Every structure is written in structure tokens, then in C-alpha cells.
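Examining the three-dimensional arrangement
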Amino acid sequence: MITLLSSGIVRAQSNFSSKVIGVGVVVADLERSLDFYVNGIGMVKTGSFTINEEFSKRSGLADGASAAVTILKLENSPESTDWKLMSFGKKASHPQQKSIQDDTGMQYITINVKALKPIVERLRQMKVPFLGSTPTPLNGKTQFVLVQDPDGTFIELIGPME
């Protein structure tokens, strides 16, 4: 497959061994983030591993700092994205963003759900603030809910209420 772009010809990628991108998320408090993602959003813990000091330094990942990594998924299947949480036990060195445009880099994820109601109820019980006027109707029965995880990553939840 060949796609024409204004800058030239781009060939479709065929060198990937997986169609899934694993996302590493550094969090201030691992237990708090696990509670949010597992008990609030409904993700499942599928594994964990440790990055030791030697590998951290050699690989360039964390300049010699070790970290435990917990892998979460929307469902426990090979086709599900790895949402890898890791903590170095410290808060971010910049203020938490209030809007998506307040910072650069990855700012939000979108999760499409079969039913928003149980997630909304769990998040309300956890006293997670809902942003804007959400739930907000999108079209037909589809609703949009926007929240932030404990470290400020925006989470879009999209689906019918029931």
C-alpha cells in the first residue's frame, strides 16, 4: 500500500511485530493510581516486572533509578494495550495541567466502553471530579465523560450510559 502525502511518498509500515503500542506512565503514587485505574476505570492487572539499577542505567531509561512496573489492560488479552504504571516515589516537577493545552506530550487517552453508568458510579464513589459538563451527549445514545487520573492525565470515556 502506498499513500501520497504533500511531502512525498510514504510506504505502509510492515516491520512491527505487534499491532499494539505499550504505554509507560510515570505516576507519583503507584497505589493511588492502581486504585483509580483498577477500581475506578475497571482495568485489570495483568503482570509486573522490575527495572533494576543496572538495566536502568545501561538502557538509558531512568539514569540508574530502579522501579517496579505494573501492567494494566482493558481486558486480559494479547490484543489489548499495555498501560504500564511505574513510580519513583516523587511528584511531578511541574504543576498539574487543568486543560489539555496546558502541556505538551501525551495528554489524554480515549477509552470506549459498553456502558458508562457503572464507571461513572465508581468514580463518583471515589470522589473523582468530572470535568466540564460531563456526561455530555455526543450523538444518539453515545455520551462523553472527562476525568483526570491522580497525576493529571486526561481520560475520555465514550459510550452509552447503559
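Check the entry above for the structure.
Now for a description of the structure that goes with this document. Worth saying up front: this structure is predicted, and the values here are computed from it rather than measured. (Residues numbered from 1 in each chain as written. Predicted model: local features only at pLDDT ≥ 70, side-chain atom pairs only at ≥ 80, totals over all residues. Heavy atoms only, no water.)

This paragraph deals with the sheet that holds strand β3 (residues 23–27). Pairing is mixed in the open sheet, where four strands are placed in the order β3-β6-β5-β4. Every other strand in the sheet has two partners, leaving β3 and β4 (44–51) as the edge strands with one partner each. Neighbour-to-neighbour, the strand axes of the sheet open up by a mean angle of 25°, direction not taken into account. Sheet analysis places strand β5 (residues 67–73) next to strand β6 (residues 83–87), joined by four bridges and oriented antiparallel. The residue of β6 that forms the bridge with V69 is M86. (Pairing = 2+ DSSP bridges. Helix = DSSP H or I, 4+ residues; strand = E, 2+ residues; numbered from the N terminus. Axes fitted to C-alpha atoms, helices over the stretch in contact; angles between N-to-C directions.)

A few words now on the sheet that holds strand β9 (residues 142–148). Taken together, the four strands give an open sheet; going across it, the order is β7-β10-β9-β8, and neighbouring strands pair in mixed fashion. The strands lining the two open edges of the sheet, one partner per strand, are β7 (108–112) and β8 (136–139). Recorded for the sheet is a direction-independent mean angle of 30° between the axes of neighbouring strands. Bridge analysis of β9 against strand β10 (residues 154–160) gives seven bridges, and the strand direction is antiparallel. Within β10, the residue paired with F144 across the bridge is I158. Against the sheet, helix α1 (residues 30–41) makes contact with β7, β9 and β10, and its axis sits at roughly 5° relative to β10, the strand it touches most. (Contact = heavy atoms within 4.5 Å.)

In the structure shown here, the tally under the stated rule is four salt bridges. Residues K57 and D63 are paired through a salt bridge, measuring 3.2 Å at the closest nitrogen-oxygen approach. Residue K57 is classed as exposed on the basis of its relative accessible area, which comes to 55%. Notably, a salt bridge pairs D82 with K73, separated by 3.3 Å at the nearest N-O pair. The class of K73 is buried, set by a relative accessible area of 10%. (Salt bridge = Lys/Arg side-chain N within 4 Å of Asp/Glu carboxyl O. Buried < 20%, exposed > 50% of the residue type's maximum accessible area, 1.4 Å probe, protein only.)

Turning to helix α3 (residues 117–125), a few remarks are in order. Every buried residue of α3 is accounted for by I119, V120 and L123. Relative to the axis of α3, the buried residues are bounded by an arc of 100° and lie together on one face. Packing partners of the buried residues in α3 comprise α1, β9 and β10. (Arc of directions from axis to C-beta.)

Its twelve residues give α1 an end-to-end C-alpha distance of 15 Å, which sits within 8% of 16 Å, the value for a rise of 1.5 Å per residue. Within the sequence span of α1, burial applies to L30, S33, L34, F36, Y37, G40 and I41. The opening residue of α1 is D29, an N-cap whose side-chain oxygen sits 3.1 Å from the backbone nitrogen of E31. The positive-phi residue at the C-terminal boundary of α1 is G42, with phi of around 105°. (Expected span 1.5 Å × (residues − 1). Polar contact = N/O pair within 3.5 Å; in protein donor to acceptor, adjacent residues only side chain to side chain.)

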